[in-house]
Amino acid sequence: MITKARLEYLPAINEIYNQAVAEGLKTAHTNPTSLEERRDWFKKYPCDRYPVFVYLTDQKPAGWLSVSPYRFGREALDTVVEVSYYIDYNHHGKGIASQLMDHAIDFCSQSKYRILVAILISGNEPSIGLLKKFGFQEGGRIPGAIQYQGEVRDHLYMYKLL
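Here the structure is a predicted model, which is why all the values come from computation and not from measurement.

Engineer: Is there a simple way to think about the nonpolar core in this case?
Structural biologist: In summary, soluble globular proteins display a tendency toward joint burial of nonpolar side chains. Membership of the largest hydrophobic core comes to 44 residues, with the highest contact counts inside it found for Ile13, Trp64, Leu65, Val67, Met101 and Phe136. In terms of residue count, helix α3 (residues 96–110) provides more of this core than any other element does, seven residues in total. Sequence-distant contacts of valine 67, defined by excluding residues within four places in its chain, comprise Tyr45, Tyr50, Pro51, Phe53, Val81, Glu82, Val83, Phe107 and Cys108.

Quick look at the structure:
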């Protein structure tokens with residue numbers, strides 16, 4: 001079941017995110033995010049315009065997706081939003097990311113957004129594959145922007161016109 005995130009889901013949302021941080025080269029963070037930081041992050045998501053959706057399994061988040069402003073405060077970009085998504089590693093391969101993305105695309109279309117943007121690290125083939133499945137295409141990249149434990153990767157920008 002997909003629903004909008006609530007405060008009580010934040011520990012699980014943070015835990016899921018920190019799984020990706022621990023794996024490395026899935027986020028640009030190199031250290032885990034604290035629950036306090038996650039609470040501050042969540043306050044920036046008015047659920048009517050920029051929601052965080054969670055996929056619940058047994059009433060616990062198994063994955064989440066956020067719809068964020070792209071270049072916040074720049075009014076000419078108000079109809080462009082960024083999507084970010086993370087799935088609990090115990091639930092990979094179950095179609096949760098696809099369901100969340102489908103839900104987010106429906107929400108964004110109904111909200112009159114024009115363009116969805118996903119910003120990720122090159123080499124994240126599962127995420128790139130998901131985005132391509134939903135019609136995203138590469139819009140640009142910053143070569144060598146990511147440096148982590150001696151490895152260098154591109155910062156990749158993908159987009160979908162609605």
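After that view, the rundown keeps rolling.
Engineer: Is there a simple way to think about the pairing of strand β5 (residues 115–121) in this case?
Structural biologist: In summary, the side chains of a regular strand alternate between the two faces of the sheet. With six of seven residues buried, β5 is to be regarded as a mostly interior element. Both strand β4 (residues 80–87) and β5 contribute to a ladder of three bridges, which runs parallel. Opposite valine 80, over in β5, you have isoleucine 115 as the bridge partner. Pairing between β5 and strand β7 (residues 151–161): seven bridges, direction antiparallel. Each residue of the ladder has a partner; that of leucine 116, found in β7, is lysine 160.

Engineer: For this particular structure, what's the right way to read the pattern of salt bridges?
Structural biologist: Pairs can form between side chains of opposite charge whenever their charged atoms are close. Tallied over the full model, the rule gives six salt bridges. With a closest N to O distance of 3.7 Å, lysine 26 and glutamate 23 form a salt bridge. Its relative accessible area of 25% is what places lysine 26 among the partly exposed residues. Of the charged contacts, one joins glutamate 138 and arginine 141 as a salt bridge, the two residues approaching to 2.9 Å between their closest N and O atoms. Judged by relative accessible area, arginine 141 falls into the partly exposed class, the value being 37%. Ionic contacts of the salt-bridge type, sharing partners, join the residues Glu138, Arg141 and Asp154 into one network.

Engineer: Looking at this model, I keep getting lost on the packing of helix α1 (residues 10–23) against helix α2 (residues 35–42). Mind explaining?
Structural biologist: Two quantities define a packed helix pair, namely the angle between the axes and the distance from one axis to the other. Relative orientation of the contacting elements α1 and α2 amounts to 110°, with a least axis distance of 10 Å. What the angle tells us is that α1 and α2 run roughly perpendicular. Residues Leu10, Pro11, Ile13, Asn14 and Tyr17 of α1 form the contact with α2, whose participating residues are Leu35, Arg38, Arg39, Trp41 and Phe42.

Engineer: Could you clarify how one ought to interpret the environment of valine 80 in this entry?
Structural biologist: Note on placement: valine 80 falls in strand β4. Residue valine 80 is classed as buried on the basis of its relative accessible area of 6%. Spatially, the C-alpha atom of valine 80 lies 9.4 Å from that of leucine 161, the residues being 81 residues apart in sequence. Setting aside residues up to four positions removed in sequence, valine 80 forms contacts with Pro69, Tyr70, Arg114, Ile115 and Val117.

Engineer: Explain the side chain of serine 68 here, please?
Structural biologist: Mapped onto the elements of the fold, serine 68 is located in strand β3 (residues 60–69). Judged by relative accessible area, serine 68 falls into the buried class, the value being 8%. Apart from the residues lying within four places of it in its own chain, the contact partners of serine 68 are Tyr45, Tyr50, Val81 and Glu82.

Engineer: What's the story with the packing of aromatic side chains in this structure? I'm lost.
Structural biologist: Each aromatic ring pair is specified by the distance between its two centres and by the angle formed by the two planes. Going through the model one piece at a time under the given rule, you end up with eight aromatic pairs. With a centroid separation of 6.4 Å and an interplanar angle of 20°, the aromatic rings of tyrosine 50 and tyrosine 113 are classed as stacked. Of this pair, tyrosine 50 sits in the loop between α2 and β2 (52–57) while tyrosine 113 sits in the loop between α3 and β5, and the two are 63 residues apart along the sequence. Summarising the burial analysis for this pair, tyrosine 50 and tyrosine 113 share the class buried.

Each value, and the rule that gives it
- Within every chain, residues take consecutive numbers counted from 1 along the sequence as written.
- Per-residue local features of the predicted model are confined to residues with pLDDT of at least 70, and side-chain atom pairs are confined, for both listing and counting, to 80 or more; whole-chain, interface and lining totals are unaffected and use all residues.
- Excluded from the side-chain calculation are hydrogens and water; included are all heavy atoms of the structure.
- Only buried residues count toward a nonpolar core. Its members are Ala, Val, Leu, Ile, Met, Phe, Trp, Tyr and Cys residues joined through side-chain atoms within 4.5 Å.
- Three labels apply to residues, based on accessible area from a 1.4 Å probe with only protein chains included: buried if under 20% of the type maximum, exposed if over 50%, partly exposed otherwise in between.
- A run of DSSP states H or I qualifies as a helix once it reaches four residues; a run of E qualifies as a strand once it reaches two. Both are numbered from the N-terminal end.
- Residue contacts are defined here by distance: any two heavy atoms, one from each residue, within 4.5 Å place the two residues in contact.
- Only when DSSP finds a minimum of two bridges between them are two strands counted as paired.
- Definition used for salt bridges: Asp or Glu carboxyl oxygen within 4 Å of a side-chain nitrogen of Lys or Arg.
- Only the stretch in contact is used when a helix axis is fitted, and all axes are lines through C-alpha atoms; the angle between N-to-C directions ranges over 0 to 180 degrees.
- Put simply, angles under 35 degrees are roughly parallel, angles over 145 are roughly antiparallel, angles from 65 to 115 are roughly perpendicular, and the rest are oblique.
- Here a Phe, Tyr or Trp ring, Trp counted by its six-membered ring, pairs with any other such ring whose centre lies within 6.5 Å, and the pair is stacked when the planes are under 30 degrees apart, edge-to-face when over 60, and tilted otherwise.

Don't take any of this as a statement about function, it's just geometry.
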